[in-house]
Amino acid sequence: MNSRPPDAEGTPVGRRLVLTMLGVGAAAVVAAPALQRVMESGLGAVADKDPTGLTGLLPNGGGFRYYSVASSVPRKSAADYRLKIDGLVDRPATYTLDGLRALPQTRLVRDVQCVTGWRVPETPFEGVRLSALLDAAGVRPGAKAIRFTCFDGTYSESLTLDQARRPDVLVALRMQDKPVAHSHGGPVRLYVAPMYFYKSAKWLSGITVTDSVKPGYWEELGYDVDAWVGRSNGRDDDPTG
Ligand SMILES: Nc1nc2c(c(=O)[nH]1)N[C@H]1C(S)=C(S)[C@@H](COP(=O)(O)O)O[C@H]1N2
Ligand SMILES: [Mo]
């Protein structure tokens, strides 16, 4: 399932085809409301166990779609979560969740826009400005970009250094005014307000400062690296940033 587009919203025929090929179309349709209740109740356990990636087609509460290119993602508690900052920096660092919570928090409320069409209005995200973490690490001269990695073991993202330093780019600890749920990439996800939601890497575990942009997971598969909402990917959505 790793070559699917960010989600199947724009391709209803393709989605039916995939479901039919897997022979689970009827079962998935019948099961969906139950799965949705489980996920919205905060358990999220079903998504962790689905090896097919079909959970990407399921609602994730409040208009969101659950999305993961990895078939299962480990859970990280406050005790075992770590975020590493390394690469072209003077002071590489590893943050715990408490360490991130102790830093100044910024709250932003913007629309979320997925590149395949779905949009969720006015969603609060709260966390540490990425620029603050970069300043603390001391970005070296010659650095140009950031590579983000995730503890799902698969996903990656990128930003230029200028983009990463924008005040509307957060290392988010809260979403919808709650701690980021596991299914939304918790305990910590990236939030890039002005760009399509694929830039907002879930289950964030690594921030590496690099000398050039290394395209992320979906970008290797053809999506724009500079993913401004309404000005990329051939789309004309209203800006979110
Ligand atoms: N680690 C990881 N981050 C990810 C993705 C993913 O598959 N893996 N999907 C992206 C895409 S395409 C979207 S639309 C959003 C979905 O976020 P949600 O599950 O909170 O709705 O996460 C983005 N970040
Ligand atoms: Mo997406």
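Preceding this section is the structure that the text describes.
Residues numbered from 1 in each chain as written. Chains lettered and ligands numbered in written order. Predicted model: local features only at pLDDT ≥ 70, side-chain atom pairs only at ≥ 80, totals over all residues.

### What to know about the overall build of the protein
In terms of helices and strands, the protein carries 7 helices and 10 strands. When burial is assessed residue by residue, the protein has 37% of its 241 residues classed as buried. (Helix = DSSP H or I, 4+ residues; strand = E, 2+ residues; numbered from the N terminus. Buried ≥ 20, exposed ≤ 12 C-beta atoms within 10 Å, placed from the backbone.)

### Here's the deal with the pairing of strand 1 (residues 83-87)
Summarising the sheet, strand 1 and strand 2 (residues 93-95) pair through 3 bridges and their orientation is antiparallel. Within strand 2, the residue paired with Leu-83 across the bridge is Tyr-95. Between the antiparallel neighbours strand 1 and strand 2 lie 5 residues. Pairing of strand 1 with strand 10 (residues 204-210), which is carried by 4 bridges, proceeds in the parallel orientation. Its bridge partner being in strand 10, Lys-84 is matched across the sheet by Gly-206. (Pairing = 2+ DSSP bridges.)

### Points about the nonpolar core
Ranked by size, the top nonpolar core spans 49 residues in total, and within it Leu-170, Val-171, Ala-172, Val-188, Leu-190, Tyr-196 and Leu-204 carry the most contacts. For this core, the secondary structure elements donating two or more residues are strand 1, strand 4 (119-129), helix 5 (130-137), strand 5 (145-150), strand 7 (169-175), strand 9 (189-192) and strand 10. At 6 residues, the largest contribution of residues to this core is made by strand 7. The contacts of Val-188, once residues within four sequence positions are left out, are Tyr-81, Leu-83, Leu-97, Leu-100, Val-171, Ala-172, Leu-173, Val-180 and Leu-204. (Core = buried A, V, L, I, M, F, W, Y, C linked by C-beta atoms within 7 Å. Contact = placed C-beta atoms within 7 Å.)

### Points about the environment of Thr-154
Checked against the element boundaries, Thr-154 lands in the loop between strand 5 and strand 6 (156-160). For the pair Thr-154 and Val-73, spaced 81 residues apart in the sequence, the C-alpha separation amounts to 9.8 Å. The residues touching Thr-154, leaving out its near neighbours within four places in the chain, are Val-69, Ala-70 and Tyr-217.

### Looking at the pairing of strand 3 (residues 106-113)
Pairing analysis gives 7 bridges linking strand 3 to strand 4, with the strands arranged antiparallel. Bridge pairing links Gln-113 to Arg-119 in strand 4.

### Some details on the sheet that holds strand 10
Taken in spatial order, the 5 strands line up as 2-1-10-5-6 in an open sheet, and their pairing is mixed. A strand with exactly one partner marks an edge of an open sheet, and here the two such strands are strand 2 and strand 6. The sheet shows a mean angle of 15° between the axes of neighbouring strands, direction not considered. Pairing analysis gives 5 bridges linking strand 5 to strand 6, with the strands arranged antiparallel. Along strand 6, the bridge assignment pairs Ile-146 with Leu-159. (Axes fitted to C-alpha atoms, helices over the stretch in contact; angles between N-to-C directions.)

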